[in-house]
Amino acid sequence: MATASSIPSQELLDQLPKHLHWEAYNIYQWEGFWYPAAVIRGMLAFRSNYKARCDDVILASSLKTGTTWLKALCACIMDYHDDQLSSKNPHLVVKTLEYEFAGETLNPDDLSGMPSPRLFHTHLPYSALPESIKNSECKIVYITRNPSDTMVSGWHYFNKILRRNNQDPYPFEKEYNNFCAGVHSYGPFFDHVLRYWSESLKTPNKILFLKYEELKRDPKGQVKRLASFLGQPLAGEDEVDKVIWGSSFERLKNLEVNKNGELPFGNVPNSAFFRLGKVGDWENYFTAEMKQGLDEITRMKLEGSGLDFES
Ligand code: PAP
């Protein structure tokens, strides 16, 4: 198996466009998207080693758009009688593949020995997925969120994990500018979203496109849609309600397992994934000019795509 430790070399990384993320570490532009070095290494190992099965389910998202929620929802739907979420953070129940490959915690035997259907996640853009995921019959579920709330959520998250020792918060305006310029981990946000959107229009039986705000507004309708897409239609309203409660922010945030401890990859506190869980928090942070600016970028980027966001 190609390991993630040495490829690409630091020498090669040094030739790429780079940006100092949050005064903490470099992110590099690779094939149009920005990543930390470890993620590039994990992505390359993932691409050369992952063999999709036709019944795999791959969840996909850019950062802070509802990943934790989608992992929990799918774990509830696909593992209905075994509530793993009560004792494990959703990110340990459904692993993010490029992180696993970066940490070399997955080997071919682990992967090939897993029973079907396998459920995984990736933050990678569509263009960076392994060919076997694109070409097999496996399913992809993508979740996105309005860009203003995504940006605010990311600012809180990185303050929590990168500014730990009573440091001042990272300037909000700087993060806003980076987000608008597309220079952030797994960015540009709009390129990430639009490619999955257009692929979902071309192959709706392969890619389901979900929005955080729609899940909030119509959880029953969206959960039924998700379960049917996964080939696991829920038997009745009770089952739908159980999935909604089992994966809910209110439940997960208050579980001991999510109040304490850290994830192994990046030493991220489990609690960092559960902050507010609402639509529209941007209003508490954006100036009128900021909202107007990001709305204008959103309008230009989405023009003609048929995609829109609620905020
Ligand atoms: P990730 O990409 O790093 O995995 P992700 O889960 O996409 O993060 O985003 C975290 C956001 O989802 C947080 O939003 P906030 O900062 O605006 O509060 C988090 O609170 C929210 N979140 C986590 N779990 C749930 C859930 N079960 N239901 C609704 N929102 C959730």
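For the structure, see preceding data.
Owing to the predicted nature of the structure, the values given are computational and were not obtained by experimental measurement.

Visitor: In this structure, what is going on with the overall build of the chain? I would like to understand it.
Guide: Secondary structure assignment for the chain yields 16 helices and seven strands. The C-alpha radius of gyration of the chain comes to 19 Å, within 12% of the 19 Å expected for a compact globule of 311 residues. Buried positions account for 54% of the 311 residues belonging to the chain. Of all intrachain contacts in the chain linking residues separated by at least 6 positions in sequence, the fraction that spans at least 24 positions is 73%. Counting every atom, the chain has about 14,000 Å² of accessible surface; 51% of that belongs to carbon and sulfur. Within the chain, one finds 35 positive and 40 negative side-chain charges whose respective centroids are separated by 1 Å.

Visitor: Is there a simple way to explain the nonpolar core in this structure?
Guide: Tyr-35, Ile-40, Val-141, Leu-226, Leu-230 and Phe-286 are the most contacted members of the largest nonpolar core, which has 96 residues in total. Top contributing element to this core by residue count: helix H3 (residues 67-78), with nine residues.

Visitor: Hey, could you run me through the site of the ligand in this one?
Guide: Taken together, 20 residues lie near the ligand, and Lys-64, Thr-68, Ser-153, Tyr-212 and Leu-276 sit nearest. A distance of 2.9 Å is found between an oxygen atom of the ligand and a backbone nitrogen or oxygen belonging to Gly-66. Between Phe-249 and the ligand, the recorded distance is 3.2 Å, taken from a backbone N or O atom to a nitrogen atom. Against a free-state accessible area of 640 Å², the protein chains account for coverage of 98% of the ligand.

Visitor: Looking at this model, I keep getting lost on empty space enclosed by the protein. Mind explaining?
Guide: It is the rolling of a water-molecule-sized probe over the atoms that shows where space remains empty. Scanning all chains against the criterion turns up one cavity of 30 Å³ or more. Considering only enclosed or pocket space, the largest cavity measures out at about 130 Å³ in volume. The wall of the largest cavity is formed by 14 residues, among which Leu-63, Phe-158, Glu-175, Phe-179 and His-184 lie closest to the centre. Every element with two or more residues in the lining of the largest cavity is listed here: helix H8 (147-162) and helix H9 (172-181). In terms of residue count, H8 provides more of the lining of the largest cavity than any other element does, five residues in total. Here the residues of the lining of the largest cavity are counted per class, giving six nonpolar, six polar and two charged.

Visitor: Would you explain the packing of aromatic side chains in this entry?
Guide: What describes a pair of aromatic rings is the distance from one ring centre to the other and the angle between the planes of the rings. Under the defined criterion, the tally for this structure stands at 23 aromatic pairs. Aromatic side chains Phe-46 and Tyr-50 sit 5.5 Å apart centroid to centroid with 80° between the ring planes, which places their arrangement in the edge-to-face category. No difference in accessibility class separates Phe-46 from Tyr-50, as the two residues are buried. The structure contains a cluster of three or more aromatic residues connected by ring pairs, namely Trp-155, Phe-172, Tyr-176, Trp-282, Tyr-285 and Phe-286. Across the ring face of Tyr-157, the terminal group of Lys-64 is positioned such that the distance to the ring centre comes to 3.3 Å. The ring of Tyr-212 has Arg-145 lying over it, and the distance from NZ or CZ to the ring centre is 4.1 Å.

Visitor: Would you mind showing me how to read the pairing of strand S2 (residues 25-30) here?
Guide: When a strand is regular, its side chains alternate between the sheet's two faces. In terms of strand pairing, strand S1 (residues 18-21) meets S2 through four bridges, oriented antiparallel. Residue pairing in the sheet places His-19 in a bridge with Ile-27 of S2. Count of turn residues in the S1/S2 antiparallel hairpin: three residues, of which Trp-22 carries a positive phi of about 55°. Here S2 runs beside strand S3 (residues 33-36); their pairing, made up of four bridges, is antiparallel. Bridging from a neighbouring strand, Gln-29 pairs with Trp-34 of S3. The antiparallel hairpin formed by S2 and S3 contains two residues in its connecting segment, where Glu-31 sits at a positive phi of about 50°.

How each quantity is defined
- Residues numbered from 1 in each chain as written.
- Predicted model: local features only at pLDDT ≥ 70, side-chain atom pairs only at ≥ 80, totals over all residues.
- Heavy atoms only, no water.
- Helix = DSSP H or I, 4+ residues; strand = E, 2+ residues; numbered from the N terminus.
- Rg over C-alpha atoms; globule rule 2.2 N^0.38 Å.
- Buried < 20%, exposed > 50% of the residue type's maximum accessible area, 1.4 Å probe, protein only.
- Contact = heavy atoms within 4.5 Å.
- Areas by Shrake-Rupley, 256 points an atom, 1.4 Å probe, with all protein chains shown as cover.
- Lys, Arg positive; Asp, Glu negative; His and termini not counted.
- Charge placed at Lys NZ, Arg CZ, Asp CG, Glu CD.
- Core = buried A, V, L, I, M, F, W, Y, C linked by side-chain atoms within 4.5 Å.
- Near = heavy atom within 4 Å.
- Polar contact = N/O pair within 3.5 Å; in protein donor to acceptor, adjacent residues only side chain to side chain.
- 1 Å grid on protein atoms, 1.4 Å probe; cavity = no way out; pocket = protein on both sides within 12 Å on 5 of 7 lines; lining within 4 Å.
- Points joined across faces, edges and corners; volume = space filled by probe spheres on them.
- Nonpolar A, V, L, I, M, F, W, Y, C, P; charged D, E, K, R; others polar.
- Phe/Tyr/Trp six-rings, centres within 6.5 Å; stacked < 30°, edge-to-face > 60°.
- Lys NZ or Arg CZ within 6 Å of the ring centre and 35° of its normal.
- Pairing = 2+ DSSP bridges.

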